[in-house]
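One letter stands for each residue in the lines below.
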Amino acid sequence: MKNIDFRTDILPLKNELYRLALRITLNHAEAEDVVQETMIKVWNRRESWQEIENIEAFCLTICRNLALDKMKRMDNQALVLDEENHDPPDYSHHANPEERAIQQNRIELVRDIINHLPEKQRSVMQLREMEGKSYKEIACILDISEEQVKINIFRARQIIKQRFTQTEKYGL
C-alpha cells in the first residue's frame, strides 16, 4: 500500500478540484468553497487513506458530489463563467485584430454552449478535454461505466458541434 501524505499527494490536487467545481457550479466563490469542503472531508477520512486505491479519483469524486449538492441547494443553473480568470487565448497565429475578435467570439460561444450542457455531459467534457483524464479515470470519478463516459462525451460533442454550426451559420 502506498503511504499517502496530505501535502504531497492531496494538496497539489486543489487546482484540479477547483476547475471541476467551477465547471459544475459556474461560480468562482462557490467553487472555492467546494474545494475547501472537499479538503476538509478528505482530511477527516485520513485514517482510511491507505485503503483507497486512487486518492485523486477519491478527491475528485468528493468534490463533484459536494458541487452537485451545492447546486441542488442553490438551484443556480443560469449563471455563466466569468471571463476574468481564464487563460488568455493564444493569438500568435492570428494576423489582425479582426481575426482575433472572431476567434474570441468563437471561444466564448463554445464556453457558453458547454455551460448549458446537462451536468453529466459538462462534467465528462471538463474531465476529458480540460483535465486530460482517461475514460477509465472519468468512469471511476463519476461512478459510471466507461461506455457511459464515451456516450456522454459523444453526445456533448454532438451538441457542441450542432449549436456551434447553427450559430456560426445563422447567427442565432
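Worth saying up front: this structure is predicted, and the values here are computed from it rather than measured. (Residues numbered from 1 in each chain as written. Predicted model: local features only at pLDDT ≥ 70, side-chain atom pairs only at ≥ 80, totals over all residues. Heavy atoms only, no water.)

Here we look at the packing of aromatic side chains
(1) Moving on: Following the criterion strictly, the structure yields three aromatic pairs and no others.
(2) Moving on: Centre to centre, the rings of Phe6 and Trp43 are 5.4 Å apart; their planes meet at 80°, and the pair counts as edge-to-face. Note that Phe6 is positioned in helix α1 (residues 6-10) and Trp43 in helix α3 (residues 28-44), a separation of 37 residues in sequence.
(3) Moving on: Residue classification places Trp43 among the partly exposed residues on the basis of a relative accessible area of 38%.
(4) Moving on: Put simply, the rings of Phe6, Trp43 and Trp49 touch in pairs and so form one group of aromatic residues.
(5) Moving on: Against the face of Tyr135 rests Arg128, its NZ or CZ located 4.4 Å from the ring centre. (Phe/Tyr/Trp six-rings, centres within 6.5 Å; stacked < 30°, edge-to-face > 60°. Helix = DSSP H or I, 4+ residues; strand = E, 2+ residues; numbered from the N terminus. Buried < 20%, exposed > 50% of the residue type's maximum accessible area, 1.4 Å probe, protein only. Lys NZ or Arg CZ within 6 Å of the ring centre and 35° of its normal.)

Observations regarding the pattern of salt bridges
Pairing is possible between side chains of opposite charge, provided their charged atoms come close.
(1) Moving on: In the structure shown here, the tally under the stated rule is eight salt bridges.
(2) Moving on: A salt bridge links Lys133 to Glu16; the nearest nitrogen and oxygen atoms lie 2.5 Å apart. Note that Lys133 is positioned in the loop between α6 (119-130) and α7 (135-142) and Glu16 in helix α2 (residues 14-25), a separation of 117 residues in sequence. As far as burial versus exposure is concerned, Lys133 and Glu16 are alike and both buried.
(3) Moving on: Measuring nitrogen to oxygen at the nearest pair gives 3.9 Å for the salt bridge that ties Glu47 to Arg46.
(4) Moving on: Looking at Glu47, the relative accessible area reads 61%, which means it is exposed. (Salt bridge = Lys/Arg side-chain N within 4 Å of Asp/Glu carboxyl O.)

Note that every value here comes from positions in space, so none of it alone points to a role or purpose.
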